[in-house]
Amino acid sequence: MNLITPSFGLLFWMLIGFGILFFILAKFAWPVIVKAINDREKKIAEQLSAADKAREEMKNLKSEHEALLVKAKEERDAILAEARKMSEKMYDEAKVKADDEARRIIEDAKQAIHFEKMKAITDIKNEIAQMSIEIAEKVLTEELSDKSKQEELVSKWVKDININ
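Now for a look at the structure at hand. (Residues numbered from 1 in each chain as written. Predicted model: local features only at pLDDT ≥ 70, side-chain atom pairs only at ≥ 80, totals over all residues. Heavy atoms only, no water.)

Applying the stated rule across the entire model yields 1 cavity of 30 Å³ or more. Each pocket or cavity is described by its volume, and for the largest cavity that value is around 30 Å³. Residue lining of the largest cavity: R40, K43, I44, Q47, S87, M90 and Y91, and that is the complete set. The greatest single-element share of the lining of the largest cavity, amounting to 4 residues, is contributed by helix α1 (residues 8-60). Across the lining of the largest cavity, the residue classes break down as 3 nonpolar, 2 polar and 2 charged. (1 Å grid on protein atoms, 1.4 Å probe; cavity = no way out; pocket = protein on both sides within 12 Å on 5 of 7 lines; lining within 4 Å. Points joined across faces, edges and corners; volume = space filled by probe spheres on them. Helix = DSSP H or I, 4+ residues; strand = E, 2+ residues; numbered from the N terminus. Nonpolar A, V, L, I, M, F, W, Y, C, P; charged D, E, K, R; others polar.)

What follows is the structure in structure tokens.
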């Protein structure tokens, strides 16, 4: 049953590791990603606003000469195509930059977690060794506190030795 149920220490260190990872991501990765997305969203909204403005101007020019209308439609199409190209280019650049930044931040977080894990394991090993020494010292002190117990222990060890 002990193999299925994790120990409290394991749960504790897993929670600490998850908390550190969550903090690092919340501190460094998410603000950058959210800012990039918001900036992109604002730029697209501005471009859409400009496109809507161009459409309104086109509606006002309908009353003018037919040649002017055709020319204005061509200009509108060129502006929209350029806006789409710019929007796609900006989107691709922002996506690549955000992906690179996210990858870098995740790698930094993985390294930090690895170092913290190694430090925690080393600390635990040192603590276990120290506790083992203290327990052995207490057991030996208790076992050897009485002279009769000392003699009994020595005689038991002598009996256990097999001389061939």
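To continue, consider a negative patch on the surface. On the surface, a cluster of negative charge is made up of D123, E127, E134 and E137. Along the chain, the position of E134 falls in helix α2 (residues 66-143). (Patch = residues over 30% accessible without salt bridge, like charges linked within 9 Å, V, L, I, M, F, W, Y side chains within 5 Å. Areas by Shrake-Rupley, 256 points an atom, 1.4 Å probe, with all protein chains shown as cover. Salt bridge = Lys/Arg side-chain N within 4 Å of Asp/Glu carboxyl O. Lys, Arg positive; Asp, Glu negative; His and termini not counted. Charge placed at Lys NZ, Arg CZ, Asp CG, Glu CD.)

Our next topic: the layout of surface pockets. Put simply, the largest pocket is a space of about 320 Å³. Sorting the residues of the lining of the largest pocket by element identifies α1 and α2 as the ones contributing at least two each. In terms of residue count, α1 provides more of the lining of the largest pocket than any other element does, 7 residues in total. Residue composition of the lining of the largest pocket, by class: 10 nonpolar, 1 polar and 2 charged. Estimates place the volume of the second largest pocket at around 280 Å³. In terms of lining residues, the second largest pocket is bounded by 13 residues, among which K35, A36, D39, A94 and K97 are the most central. Those elements giving two or more residues to the lining of the second largest pocket turn out to be α1 and α2. At 7 residues, α2 tops the list of elements feeding residues into the lining of the second largest pocket.

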